[in-house]
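Structure at a glance
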Amino acid sequence: MSGVVTIGYAAMLEQFAPREAVELAALAEAHGFSGIMAADHFQPWTPAQGQAGFVWNVLAAAAEHTTGDLGPVTAPTFRWHPAVVAQASATLAAMNPGRHWLGVGSGEALNEHVVGGYWPEAAERINRMFEAVEIIKKLFAASLAGRDVKHSGTYFKLESTRLWTMPAVAPEILVATAGPVTARRAGRTADGLITQAAPLDRMASLLTRFADGARESGRDPARMPKALQLHLSWAPTHDEAVANALTEWPVGGMRFPRSDIRSPHDFAQLARMVRPEDFEGRVLISADPDEHRTSIQRYVDLGFDRIYLHNVGRNQHEWIETFGREVLPKLVR
């Protein structure tokens, strides 16, 4: 492999106020990062993180100060009807031609339970997500063709309508998953995959199943985007990096399913049990930029073509400058 890899910036709206998140995204691009991703959170993971800005507003503002790709990961199934997400996505894409992608997930109670509906088991959440993808794809295709579309399914209804503001090309839809069965289904139905970093053998299996699904649908998986969000903790000293992980991102050390936990205050109680060793294999904690480069390179070698980095500490400026100088230029594809 040869050539320089482009690595994006994960804007953590749970940790940083909206304007600061925009400024950090612009700073990251100035130091060699390319692209922005952000999760659609209604609440932070823990009260100490302190923020939960509206992802669509922040991405729209960040787009005015950057030139790379930009995308949210949202659940178009509980707080939002799929049609609303489709409209938001189409508008952002129309304002930023060729830059926006849409990441969709099955949702977590932390963000989705706030509307007071029934919180279903994982299987139903996944089925709802794929029906939402079907509706969004229908809306994109029909709107580009200049016609109305309707839908009546298991979980959603859509009366005859279209999106009146559309880009020339519909945004790519990336399904967020960490499970092999869902990854295969994503390969059959979506445009790409987005996931969070995990041990390499699990990631390899995930990509294999996604590729299997893509081939089943008659598509070449090599031509489909495979995106990764990679959490890490870098600081000038190892002790600082450990402290940042424990205080700012304890969720990274929680080795159990989190999708049914509803409150940041509950996460704060669980965080008291997290120890430094719990991050092993999940969040690399190191003061050595080259150790981080090696870790990132492994995921590049697996086949991920978009990697969005999140340094869990508040030390964003020094981290962006250090990685822009010592890590990003040394990654190869």
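This text gives an overview of the structure that appears in the document. (Residues numbered from 1 in each chain as written. Predicted model: local features only at pLDDT ≥ 70, side-chain atom pairs only at ≥ 80, totals over all residues. Heavy atoms only, no water.)

**Examining the packing of helix α6 (residues 180–189) against helix α7 (residues 200–216)**
- Across the interface, α6 lies against α7 with an axial gap of 6 Å and an inter-helix angle of 35 degrees. Along this stretch, α6 crosses α7, giving a crossing that reads as right-handed. For the pair α6 and α7, contact is made by Pro-180, Ala-183, Arg-184, Ala-186, Gly-187 and Arg-188 and by Ser-205, Leu-206, Arg-209, Phe-210, Asp-212, Gly-213, Ala-214 and Glu-216, respectively.
- Here the contact of α6 with α7 is composed, by residue class, of 6 nonpolar, 3 polar and 5 charged. (Axes fitted to C-alpha atoms, helices over the stretch in contact; angles between N-to-C directions. Helix = DSSP H or I, 4+ residues; strand = E, 2+ residues; numbered from the N terminus. Left-handed = near helix turned anticlockwise from the far one by under 90°. Contact = heavy atoms within 4.5 Å. Nonpolar A, V, L, I, M, F, W, Y, C, P; charged D, E, K, R; others polar.)

**With respect to the pairing of strand β1 (residues 7–10)**
- Note: β1 against strand β11 (residues 306–311), 3 bridges, orientation parallel. Among the inter-strand pairings, Gly-8 is bridged to a residue of β11, identified as Tyr-308.
- Of the pairings in the sheet, the one linking β1 to strand β2 (residues 36–39) comprises 2 bridges and is parallel in character. When the sheet's bridge partners are listed, Tyr-9 is paired in β2 with Ile-36.
- For the segment spanning β1, helix α1 (residues 18–30) and β2, crossover handedness is right-handed. (Pairing = 2+ DSSP bridges. Right-handed = clockwise from strand over helix to strand, strands pointing away.)

**A short note on the nonpolar core**
- Of all hydrophobic cores here, the largest spans 99 residues; its most connected members are Tyr-9, Phe-33, Ile-296, Ile-307, Leu-309, Trp-319 and Phe-323.
- For this core, the element with the most residues is helix α5 (residues 122–144), which contributes 9 residues.
- Excluding anything up to four places from it in sequence, Trp-319 contacts Tyr-9, Phe-33, Leu-232, Trp-234, Leu-309, His-310 and Asn-311. (Core = buried A, V, L, I, M, F, W, Y, C linked by side-chain atoms within 4.5 Å. Buried < 20%, exposed > 50% of the residue type's maximum accessible area, 1.4 Å probe, protein only.)

**A word on the pattern of salt bridges**
- Tallied over the full model, the rule gives 13 salt bridges.
- A salt bridge links Asp-148 to Arg-162; the shortest N-O distance between them is 2.6 Å. Remark: Arg-162 occurs in the loop between β6 (157–161) and β7 (172–176) and Asp-148 occurs in the loop between α5 and β5 (149–152); sequence separation between them is 14 residues.
- For Asp-148, a relative accessible area of 35% translates into the label partly exposed.
- Of the charged contacts, one joins Arg-293 and Asp-290 as a salt bridge, the two residues approaching to 2.9 Å between their closest N and O atoms. You can see Arg-293 and its partner Asp-290 sitting in helix α10 (residues 289–302), 3 residues apart, about one turn around the helix.
- Overlapping salt bridges, with partners in common, bring together Asp-40, Arg-79 and Glu-112 in one network. (Salt bridge = Lys/Arg side-chain N within 4 Å of Asp/Glu carboxyl O.)

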